[in-house]
Amino acid sequence: LPLSSMSEEGNEYGGLLFQSDDESDGGGGDSERNEASAGAADDDGNSSTTHLVDLIARLAVDDDEQPPVKSDLTSAIRRIGAPFLCEALYHPSDNTSSDGCIICNIIDIHHKANLIRSHMGNMAQCRGVAGDALREAGAIDALLRILWRFLVPIQTKSDDGNSSHTLLPIIDPISSYTQTPIFANECNKHHHLCNHRSSFKTIAINALHNASLGLAVASLGSLRDLACGSAANRVVILDWIPPYTIKVTNGCNESGYSLVANGIDVISSYVLRYHNLQWEEILSFKERNDTIQQSKGDAAIVPLCTERGRKELRLLTNALGVVRNASHSTPDNCQAFYEYGMSDLLVWRLSPDVYESLNRSDNEQTSKAKERCSDRNNDESSITISALPDATRQWREASYRAAGSLINLAEKCPAVASHLGSNRKLIYLLIETWGGVNAIVIDSKRSNSSKGVPLLHLGLAAILHAANDGALGGGLDEVMKQVLEKEKIRKRVAQRKEEERKLRLGNNY
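Keep in mind that what you see is a predicted model, and the values were worked out from it rather than measured.

> Break down the nonpolar core for me, with residues and values.
Residues Ile 103, Met 120, Tyr 270, Leu 430 and Ile 431 are the most contacted members of the largest nonpolar core, which totals 130 residues. Ranked by residues supplied to this core, first place goes to helix α7 (residues 200-227) with 16 residues.

> Residue-level account of the pattern of salt bridges, with values.
All chains considered together, the criterion is met by 12 salt bridges. Of the charged contacts in the structure, one is a salt bridge between Arg 135 and Asp 132, with a shortest N-O distance of 3.0 Å. Highlighted residues: Arg 135 and Asp 132, both in helix α5 (residues 128-137), separated by 3 residues, approximately one helical turn. Classification of Arg 135 as partly exposed rests on a relative accessible area of 22%. Relative accessible area serves as the criterion here: at 29%, Asp 132 is assigned to the partly exposed category. Close ionic contact of Arg 145 with Asp 141 constitutes a salt bridge, the shortest N to O distance being 3.1 Å. With Arg 145 and Asp 141 both in helix α6 (residues 139-151) and 4 residues apart, the pair spans about one turn of that helix. When salt bridges that share partners are traced, they join Arg 273, Arg 308 and Glu 312 into one network.

> Give a description of the packing of aromatic side chains that names residues and reports values.
Working definition: an aromatic ring pair is given by the centre-to-centre distance plus the angle between the planes. Evaluation of the coordinates by the stated rule reveals 3 aromatic pairs. Seen from their ring centres, Trp 148 and Tyr 244 are 4.9 Å apart, and the 85° between their planes marks the pair as edge-to-face. A residue pair is termed long-range when its members are at least 10 positions apart, and Trp 148 in helix α6 and Tyr 244 in the loop between α8 (231-239) and β5 (246-249) qualify at 96 residues. A residue is classified by how much of its surface remains accessible, and Tyr 244, at 44% relative accessible area, is partly exposed. Geometrically, the ring pair formed by Trp 279 and Trp 395 is stacked, given 6.1 Å between the ring centres and 5° between the ring planes. Linking Trp 279 in helix α10 (residues 279-283) with Trp 395 in the loop between α15 (362-377) and α16 (396-412), this pair joins segments that are 116 residues apart in sequence. We note that Trp 279, like Trp 395, is buried.

> Can you break down helix α12 (residues 331-340) residue by residue, with the values?
Within α12, the full set of buried residues consists of Asn 333, Cys 334, Ala 336, Phe 337 and Tyr 340. Each buried residue of α12 lies within a common arc of 160° when the element is viewed along its axis, so the set occupies one face. Pointing more than 90 degrees away from the buried face of α12 are the exposed residues Asp 332 and Glu 339. Gly 341 lies just past α12 and shows a positive phi near 100°.

Cut-off values and rules
Counting from 1, residues in each chain are numbered in the order their sequence is written. For this predicted model, a pLDDT threshold of at least 70 governs which residues receive local features, and a threshold of 80 or more governs which side-chain atom pairs are given and counted, while totals over whole chains, interfaces and linings are taken from all residues. As a rule here, side-chain values come from all non-hydrogen atoms in the structure, and water together with hydrogens is ignored. Here the nonpolar core consists of buried residues drawn from Ala, Val, Leu, Ile, Met, Phe, Trp, Tyr and Cys, with membership extended through side-chain atoms lying within 4.5 Å. Whether a residue is buried, partly exposed or exposed follows from its accessible area with a 1.4 Å probe, protein chains only, as a fraction of its type maximum: under 20%, in between, or over 50%, in that order. The way it works is that DSSP assigns letters per residue, a run of H or I at least four long becomes a helix, a run of E at least two long becomes a strand, and they are numbered from the N terminus. A carboxyl oxygen of Asp or Glu within 4 Å of a side-chain nitrogen of Lys or Arg is what we treat as a salt bridge. Only centres within 6.5 Å qualify two rings of Phe, Tyr or Trp (six-membered ring in Trp) as a pair; their planes then separate them into stacked at under 30 degrees, edge-to-face at over 60, and tilted for everything else. It is the directions from the helix axis to the C-beta atoms whose arc is reported.

As structure tokens, then:
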């Protein structure tokens, strides 16, 4: 996607909130079927549309001219990182284009995704020795090349002249790039399909976009798993250099744009892809000539949802997972994310209102913060309503990953800690992310106990200390002080238990 044309998980996730995702469907293996929706039926009827969609999907997995998925690691990585077929269609030197078949391109994209799922499609394949082998074979380079290529418009030639298009569906309708990839014709093997139905072009383009979304989801999922628990893999992501640097519009950066010059920039671009779009808007993205269907249930609770929308949300969720894992205990990566403007992107994603308040004048924010702090301290029995989405919201997982990413960034980047520590509502949200909703409730009966409170994350501690050191107007309130006090109690209890253990071991000798 040419981003230059854009406008601008708590305790229930266990100890993996800030590090990993051992998901049952694996890294790239989000268990979505490769689907394409043709939208409204024409004279041939819905059954004809379904038949053609299924036929294209079968061709993508059954083509006997493609190498088998179960190939050796080196050749598989080489195939994954190879250019897309359509990248060779246009030759600027002689202003001619070679024949390009959209079905062949769909098949090529599907095979790349299948290779990713086969060789790095779950956590077990990406951790430890297996993860080291993938890195040495060039897996991270191959995955980042795919994601980078999706950011760069492809040039093709048609009767109407040269055209720039993208394989991923465009989000911004005013983009200067066309939504319709132009291919010269269908090859002899697939030419019969274009006569199968009058809306073949629409169906094929939807299939191409769906395949591209699936490949991007798979690539980000595998990068997420490779970055988990491996400092070496996280370093490789930052050190990766694209074939050439591109510029993307970024309203969360002081300069107004960002250069995609390394792997961190590539990952960040997929979070930026959805900036200024509410969760419900992402879920309701339409395909070509498609109509949105209302999901069953209360319209005020259940958002309009499409197949493409679910894939787009999964893409964003996986991108946030990469940010969270790649920023874990890696200062250079955290600094690179900060320079890109990632902290603001994540804050907006969690709460546009908080994002706006962070960008107000210091005097206005400090004055209002003092008022809220005074009200809070005068009513210790008050209960804060959860600021995170509940289990009925399809973006709950993505929200927890965004919050976990902020906490990871704050641990190794003081500027992020100070920035986040200047907003009381945001601190509450991050405390809830760490300790659950009970962590933001003042409990005078258990104020001297650390029971039910997990180990305080160093990133959250950095945020609270930054707030206490002057970043937060009005200073820490009782909830924040309670968190720090319970951590002191937990440390004293842990220290006493360790001393008792050593004493028992000493008495045994």
